[in-house]
Every structure is written in structure tokens, then in C-alpha cells.
Amino acid sequence: MSSDLDVFVGNTTLIDEEVYRLWLDGHSVAEAVARRLRGGVLEREGTSVAVLQSDTRDHYRTFQMLERLLHAPPRLLQQLLFQIPPERQALLVQRYYAFDEALARELLGKKLSKGTKKELDEVSARTGVGIRSCRRQFDNFKRVFKAVEELRGPLAENIQQLFLLPPPLARDYAAIVFFANSRFETGKRRLQFLSFADFAACAQSMMGHWSQGALAPEAAEPDGDLPKSFLQDLKELKVLVTDKDLLDQHKSLVCSALRGKISVYNELEANFKALSRALVNVGGKLTHARDVRDFFVDLVEKVIEPCRSDKWSPGDLRLFLTQYTAAPRNLPGFRHQALWERYMAAITACLLRMYHD
């Protein structure tokens with residue numbers, strides 16, 4: 001009795017996307033096999049449990065060997081040991097650095113240190129993200145932070161170049177680095193309605209208007225820091241609320257422009273001075289580290305919550321902020337219009353993003 005045996009030999013590294021996902025999620029080989037069995041792989045492939053176990057172990061060994069290259073993605077492109085098509089390399093990198101937003105939200109603004117890593121068991125329980133996956137994602141955050149914290153230029157572009165990430169993911173990592181640098185408070189109860197995406201959008205706006213790269217691209221300071229000179233200059237804006245004539249003129253200009261256009265005109269007229277002081281003073285305090293930490297707390301407590309209490313709609317807030325920012329152009333005694341507009345551009349973007357339930 002004779003039998004035919006077909007043999008195929010190749011050097012392309014095979015990547016099973018389902019097994020890669022299970023490995024990234026932190027499942028053991030046995031757990032991955034069990035999940036594959038429940039997914040009906042035996043029926044689809046016509047194989048045995050023993051072959052499935054061997055196949056899963058083989059994939060896990062490959063991923064473990066690839067992991068050191070994934071820590072520095074350009075090395076994955078340059079190495080010759082694993083023959084992986086470019087589109088597969090991109091998929092490996094993107095999925096390795098993808099993260100759970102619930103986990104990122106928990107860690108946002110915290111120091112990426114050993115102390116924080118020790119808290120990951122609790123974070124895992126709160127978010128439902130497996131502990132192995134939590135540790136991998138935390139290590140990714142820390143690795144990216146360390147790689148770019150001293151680099152000049154836009155954070156997102158630096159991250160994209162160093163880690164070969166797609167632009168949206170690079171921008172999210174830039175937000176994580178920005179928050180880790182400035183250590184903004186994000187854990188207070190009154191901030192819990194804000195998602196990671198909300199904070200990331202705010203970070204992108206602040207970097208876009210306030211960072212060293214936005215102010216002076218040729219400067220040597222890292223782009224993830226808020227420039228001390230800019231924060232110091234913001235104190236000059238206090239004249240809008242400390243000079244009674246300017247404050248009254250500002251109110252008159254804004255109220256005249258919005259009369260009949262917003263549904264909360266009476267509330268605006270009654271509370272304009274308190275609201276203006278809140279908006280100006282948030283920036284005027286940013287020279288102190290503690291006040292930088294409380295930036296988002298102050299916006300919620302002193303602007304968003306009062307507006308909600310008076311039943312402002314998002315459209316009302318948008319119209320008000322537009323007129324409020326533009327009005328000082330017509331104040332004869334105000335000489336800081338460029339600084340004011342740069343400051344309010346980020347404040348406006350943050351408030352409009354944060355003004356939801």
C-alpha cells in the first residue's frame with residue numbers, strides 16, 4: 001500500500017490574526033486553545049485538538065520572539081529572520097500598540113512609574129482588561145513617553161516616526177505623553193463623565209495652540225511641555241477682569257452681539273462678570289504646578305457646571321465663546337489680542353468638547 005505525501009517549504013512567517021489577538025489580550029496557550037475550540041475552528045479546518053494545541057503554541061513562540069522587535073518597530077522592518085510582508089508588519093505594530101480606552105482613561109495624568117504599575121491589578125479589576133494586557137499597554141505608554149520626552153517637534157509626528165503608528169493612534173499617544181508631562185488631574189468625581197477621547201481632543205487642541213512647537217517651531221524645548229514663558233504671559237490677560245472699564249465694555253460688546261441670538265441671554269447678562277473672571281483666571285493661575293493639575297477641574301467647576309445650572313445649550317456656549325473671544329479687538333485699552341486669541345482657541349475647544357452629560 002502506497003501513499004502520496006505533498007510537502008511545501010517556504011520562509012514566510014504566518015500570522016494568525018485571531019491567535020495574535022488572544023496573545024495580545026494576555027491569554028495563556030490553554031486559554032487560547034479553549035477559545036479557538038469554542039469558536040468552531042475544528043469544524044472549519046477539519047483538524048484535531050492536538051494539532052490545534054501545537055499550532056497555538058507555535059504561534060505564541062513566534063509572537064514572543066517578535067515582541068522584542070515590536071518594542072522598536074523600525075527594527076522589525078530591518079530584520080531578516082522573519083519574512084513578513086509589509087502590510088502584515090504594519091498590522092502587527094498597530095495592534096501591538098493599540099490600547100483599551102478604559103485603561104488609558106484610568107492612567108491618564110498619572111506618573112508612568114513603578115508605583116503606578118503596581119496599581120494595575122486594581123485597574124484591571126475596574127476596567128475588565130486582563131492583567132497581562134494591562135501590563136503590556138502600560139509598558140507601551142511608558143516606552144513611548146521615554147522615547148519622545150526630550151525630542152523637539154510635534155509629539156504626534158515624533159511618535160509616528162519612531163513607532164510607525166498610524167496618525168490617529170500616534171495622536172492618542174501624544175495626548176497620553178502630554179498628560180503624563182503636565183500631570184493634569186483627571187480622577188476627581190466631577191470629571192468622571194469625561195472619556196479618554198474627550199481628554200485626548202483637549203490635549204490636541206492645547207498642544208496645537210499652546211505648545212512650544214505652536215508658539216516657536218525653531219525653539220529647543222520639547223513639544224510636550226507647556227512653555228513657562230507663555231504661561232507667565234497669560235497673567236497679562238487678567239486686565240480684562242481687573243480693569244472695571246474694560247470688564248464693563250467687554251460685557252457690553254458681547255451682550256449687544258448676542259441679544260436675541262441665544263436662549264439664555266438673561267442668565268448671560270446677569271452672570272457675565274463671574275463667567276469672565278472664571279475664564280480669565282483659569283489661565284492666569286497656570287504658572288503654579290498645582291493649578292496646572294486642576295485645569296480641567298476648574299473648567300468643570302467654574303464654567304461648565306454654572307452653564308449647565310442655567311440650562312445653556314451647546315449652541316449657546318459656542319456662540320458666547322465666539323463673541324467673547326472676538327470682542328476685545330474693539331477694546332481700545334487692550335493690547336494683548338494675539339495672546340488672548342491663542343489662549344481662548346484652546347479654552348473654547350476644550351469647553352465645547354467637555355460640554356456634554
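As annotated in an unreviewed UniProt entry, the protein chain carries the name FIBP protein and is attributed to Leiothrix lutea.

K.L.:
Before we move on, could you go through the overall build of the protein chain and cite the residues and values that matter?
P.N.:
Tallying secondary structure elements over the protein chain gives 22 helices and zero strands in all. Here the protein chain has a C-alpha radius of gyration of 26 Å; the compact-globule value for 357 residues is 21 Å, and the former is much larger. For the protein chain, the spread of C-alpha atoms along the three principal axes comes to 105 × 45 × 35 Å. Looking at the protein chain as a whole, 45% of its 357 residues are labelled buried.

K.L.:
If you had to explain the side chain of Arg 36 to someone new, which residues and values would you point to?
P.N.:
Within the secondary structure, Arg 36 sits in helix 2 (residues 29-38). There is a polar contact of 2.9 Å between the side chain of Arg 36 and the side chain of Thr 56.

K.L.:
Let's hear about the pattern of salt bridges: which residues, and what values?
P.N.:
Following the criterion strictly, the structure yields 20 salt bridges and no others. Of the charged contacts in the structure, one is a salt bridge between Lys 117 and Asp 139, with a shortest N-O distance of 2.9 Å. In this pair, Lys 117 sits in helix 8 (residues 114-117) while Asp 139 sits in helix 10 (residues 131-148), placing the two residues 22 residues apart along the sequence. What makes Asp 139 partly exposed here is its relative accessible area of 27%. Between Arg 329 and Glu 341 there is a salt bridge whose closest N-O contact spans 2.8 Å. In this pair, Arg 329 sits in the loop between helix 21 (314-326) and helix 22 (337-354) while Glu 341 sits in helix 22, placing the two residues twelve residues apart along the sequence. Look at the salt bridges and you will find they share partners, linking Lys 285, Asp 291, Asp 298 and Lys 302 into a network.

K.L.:
Outline the environment of Ile 347, listing residues and values.
P.N.:
Along the chain, Ile 347 turns up in helix 22. Classification of Ile 347 by relative accessible area gives buried; the value is 0%. A C-alpha to C-alpha distance of 9.9 Å links Ile 347 and Val 280, two positions 67 residues apart in sequence. Each residue touching Ile 347, except ones within four places of it in the same chain, is listed here: Trp 210, Leu 279, Phe 295 and Leu 299.

K.L.:
Account for the domain arrangement of the protein chain, with residues named and values stated.
P.N.:
Domain parsing of the protein chain yields domain 1 (17-82), domain 2 (101-214) and domain 3 (228-354). Its C-alpha centre places domain 1 at a distance of 54 Å from the equivalent point of domain 3.

K.L.:
Let's hear about the packing of aromatic side chains: which residues, and what values?
P.N.:
By the definition in use, this model includes 30 aromatic pairs. Judged by centre distance (5.2 Å) and plane angle (90°), the ring pair of Phe 199 and Phe 296 falls under edge-to-face. Placement of the pair is Phe 199 in helix 13 (residues 196-210) and Phe 296 in helix 20 (residues 295-309), with a sequence separation of 97 residues. Both residues of the pair, Phe 199 and Phe 296, count as buried. A cation over an aromatic ring shows up here: Arg 136 above the ring of Tyr 96, its NZ or CZ 5.4 Å from the ring centre. A cation over a ring is seen here: Arg 308 above Phe 193, with NZ or CZ 4.4 Å from the ring centre.

K.L.:
Requested: an account of empty space enclosed by the protein, with residues and values cited.
P.N.:
Under the criterion given, the structure shown has one cavity of 30 Å³ or more. By volume, the largest cavity is sized at about 50 Å³. Mapped by element, the contributors of at least two residues to the lining of the largest cavity are helix 7 (101-107) and helix 12 (167-182). By residue number, the principal contributor to the lining of the largest cavity is helix 12, which donates three residues. A class-by-class count of the residues in the lining of the largest cavity yields eight nonpolar, one polar and one charged.

K.L.:
Outline the packing of helix 11 (residues 155-163) against helix 12, supporting the account with residue identities and numerical values.
P.N.:
Axis separation between helix 11 and helix 12 bottoms out at 8 Å; the angle between their running directions is 120°. With respect to helix 12, the axis of helix 11 lies oblique. Viewed along their axes, helix 11 and helix 12 form a crossing whose handedness is right-handed. Residue-level contacts link Leu 155, Ala 156, Ile 159 and Gln 160 of helix 11 to Pro 167, Ala 170, Arg 171, Tyr 173, Ala 174, Val 177 and Phe 178 of helix 12. Residue classes in the contact of helix 11 with helix 12 are distributed as nine nonpolar, one polar and one charged.

K.L.:
How would you summarise helix 1 (residues 17-24) if you had to cite specific residues and measurements?
P.N.:
Note: α-helices contain 3.6 residues per turn, so residues at a spacing of three or four share the same orientation. When helix 1 is considered as a whole, its buried residues turn out to be Val 19, Tyr 20, Leu 22, Trp 23 and Leu 24. Taken from the residues just after helix 1, Gly 26 is the one with a positive phi, measuring 90°.

K.L.:
Provide a residue-level description of unusual backbone geometry, including the pertinent values.
P.N.:
In most cases, non-glycine residues show a negative phi, while peptide bonds are predominantly trans. A positive phi angle is found at Leu 164, which is not glycine, with a value near 55°. Considering the arrangement of structural elements, one finds Leu 164 in the loop between helix 11 and helix 12. For Leu 164, a relative accessible area of 34% gives the class partly exposed. Positive phi values are uncommon outside glycine, yet Arg 183 reaches one of about 60°. Looking at where Arg 183 falls in the secondary structure, it is placed in the loop between helix 12 and helix 13. Residue class for Arg 183 comes out partly exposed when judged on its relative accessible area of 32%.

The rules we used
Residues numbered from 1 in each chain as written. Predicted model: local features only at pLDDT ≥ 70, side-chain atom pairs only at ≥ 80, totals over all residues. Heavy atoms only, no water. Helix = DSSP H or I, 4+ residues; strand = E, 2+ residues; numbered from the N terminus. Rg over C-alpha atoms; globule rule 2.2 N^0.38 Å. Buried < 20%, exposed > 50% of the residue type's maximum accessible area, 1.4 Å probe, protein only. Polar contact = N/O pair within 3.5 Å; in protein donor to acceptor, adjacent residues only side chain to side chain. Salt bridge = Lys/Arg side-chain N within 4 Å of Asp/Glu carboxyl O. Contact = heavy atoms within 4.5 Å. Domains from an automatic or database assignment. Phe/Tyr/Trp six-rings, centres within 6.5 Å; stacked < 30°, edge-to-face > 60°. Lys NZ or Arg CZ within 6 Å of the ring centre and 35° of its normal. 1 Å grid on protein atoms, 1.4 Å probe; cavity = no way out; pocket = protein on both sides within 12 Å on 5 of 7 lines; lining within 4 Å. Points joined across faces, edges and corners; volume = space filled by probe spheres on them. Nonpolar A, V, L, I, M, F, W, Y, C, P; charged D, E, K, R; others polar. Axes fitted to C-alpha atoms, helices over the stretch in contact; angles between N-to-C directions. Parallel < 35°, antiparallel > 145°, perpendicular 65-115°, else oblique. Left-handed = near helix turned anticlockwise from the far one by under 90°.

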